[in-house]
Amino acid sequence: MKIHLDLAAVRRTKSCEYAIRFLFGGLITAITGIIAKKLGPQVGGLFLAFPAIFPAAATLLEKNEKRKKQRKGLHGARRGRLAAGVDAAGTAMGTVGLLAFALLVWKWLPDHSSWAVLGAATLAWIVVAISVWASIEAVRNRQRSHRCREFARGTARRP
Amino acid sequence: MEILFRALIGGVVVSAFALLGELFKPKRFAGLFGAAPSIALASLGFVIASNGKSYAALEARSMVGGAVAFFVYAYCVCVIMMKYKTSALLTSSALISVWAAAAFGVWLLWLR
């Protein structure tokens, strides 16, 4: 599956949607800092991987997909919910990258330059996340083509 | 004042990653940005500057547990939404309790 860059999405997004993300992001970052101060780094650190923006992002995605379908005269609720579910699947894959980020910062930060470690960990996050995504897509494609071959042979139902 | 500044930086970093996620297609790929280390990047700089590297490394150690909990959370949201077609707001908000349970489970078993 090819990756596309859709620059028009920037214009499609409403300013209030940007504001919601900014508010949620800012609020959760501030709360994380307060929790770390009150309860210590062991508990505070857990919140560095809090799904801060996910509920807002999934809701906005569902609403946008629904709106797209409604413009074509369809209800769109089912499509919107499926799109948010698919987005959650991608997020689950991305968490493996987040795990790599945390491991690198934990192990390397005490002995290396802070900015170099944060940079390397961010790079590790994106590389690991994309690798997991690409591996799962490759498996899905292989399964899909296998089902198509079986269908062509007449031994399986239509994929 | 520090908390306000932290919130401002957090808002900017989280919005930037959310925007990146919106630019890409397909949706499954764009979803990767939902698990970007945005809060960590916004917070760790402050933590290193005010409490030192060892303190920040300790937070990162706990973040490993948070990331495992995030995986459990995102997987549950995905399965429930795909199977039952429930509302995104309801599902993703209600399942935050799953994240909390998983995170504190990891904390009790490994980090405490």
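You'll find the structure just up there.
Here goes a summary of the coordinates provided. It should be emphasised that the depicted structure is a prediction, and the values quoted were computed from it without experimental measurement.

Now for the overall build of chain B. Summing up its helical and strand segments, chain B has 6 helices and 1 strand in all. For chain B, the succession of helices and strands along the chain, N to C, is α-β-α-α-α-α-α. In terms of principal-axis extent, the alpha carbons of chain B reach across some 45 × 35 × 25 Å. Within chain B, the fraction of its 112 residues that count as buried is 53%.

Bringing the overall build of chain A into the picture now. On a plain count of helices and strands, chain A comes out with 6 helices and 1 strand. Traced from its N-terminal end to its C-terminal end, chain A shows the element sequence β-α-α-α-α-α-α. Computed over C-alpha atoms, the radius of gyration of chain A comes to 20 Å, more than 25% over the 15 Å expected from 2.2 N^0.38 for 159 residues, which places it beyond the range of a compact globule. Considered along the principal axes of its C-alpha atoms, chain A spans approximately 60 × 35 × 30 Å. Looking at chain A as a whole, 42% of its 159 residues qualify as buried. Restricting the contact set of chain A to residue pairs at least 6 apart, pairs at least 24 apart contribute 43%.

On to the interface of chain A and chain B. The partner chain B presents 70 residues to the 74 residues of chain A that form the contact. Breaking the side of chain A that touches chain B down by element, the ones donating at least two residues are strand E1 (4–5), helix H2 (15–39), helix H3 (41–44), helix H4 (54–71), helix H5 (77–108) and helix H6 (114–153) of chain A. Take the side of chain A that touches chain B: its biggest share by element is 24 residues, from H5(A). Partitioned by chemical class, the residues of the side of chain A that touches chain B number 49 nonpolar, 19 polar and 6 charged. Of the pairings in the sheet, the one linking E1(A) to strand E1 (residues 24–25) of chain B comprises 2 bridges and is antiparallel in character. Among the inter-strand pairings, Leu5(A) is bridged to a residue of E1(B), identified as Phe24(B).

Membership of the largest hydrophobic core comes to 77 residues, with the highest contact counts inside it found for Ala102(A), Val105(A), Ala67(B) and Phe70(B). Considering each element in turn, this core owes the most residues, 16 residues, to helix H4 (residues 53–84) of chain B. Excluding anything up to four places from it in sequence, Ala102(A) contacts Ala49(A), Ala60(B), Met63(B), Val64(B) and Ala67(B).

For the rest of this paragraph, the subject is H2(A). Spanning 25 residues, H2(A) covers 36 Å between terminal C-alpha atoms, matching the ideal 36 Å at 1.5 Å per step. Within the sequence span of H2(A), burial applies to Arg21(A), Phe22(A), Phe24(A), Gly25(A), Gly26(A), Ile28(A), Thr29(A), Ala30(A), Thr32(A), Gly33(A) and Ala36(A). The secondary structure elements touched by the buried residues of H2(A) are H3 and H4 of chain A together with helix H1 (2–23), helix H3 (38–51) and H4 of chain B. Positive backbone phi, at 95 degrees, marks Gly40(A), one or two positions downstream of H2(A).

On to unusual backbone geometry. Residue and element names in this part refer to chain B. Look at the link from Lys25 to Pro26: it is a cis peptide, with omega at 5 degrees. Tracing the chain through its elements places Pro26 in the loop between E1 and helix H2 (27–30). A positive phi angle is found at Lys85, which is not glycine, with a value near 50 degrees. Among the structural elements, Lys85 can be located in the loop between H4 and helix H5 (88–94). You can call Lys85 partly exposed: it has 16 C-beta atoms within 10 Å.

Conventions adopted
Residues numbered from 1 in each chain as written. Chains lettered and ligands numbered in written order. Predicted model: local features only at pLDDT ≥ 70, side-chain atom pairs only at ≥ 80, totals over all residues. Helix = DSSP H or I, 4+ residues; strand = E, 2+ residues; numbered from the N terminus. Buried ≥ 20, exposed ≤ 12 C-beta atoms within 10 Å, placed from the backbone. Rg over C-alpha atoms; globule rule 2.2 N^0.38 Å. Contact = placed C-beta atoms within 7 Å. Nonpolar A, V, L, I, M, F, W, Y, C, P; charged D, E, K, R; others polar. Pairing = 2+ DSSP bridges. Core = buried A, V, L, I, M, F, W, Y, C linked by C-beta atoms within 7 Å. Expected span 1.5 Å × (residues − 1).

Any functional reading would require information that these geometric values do not contain.
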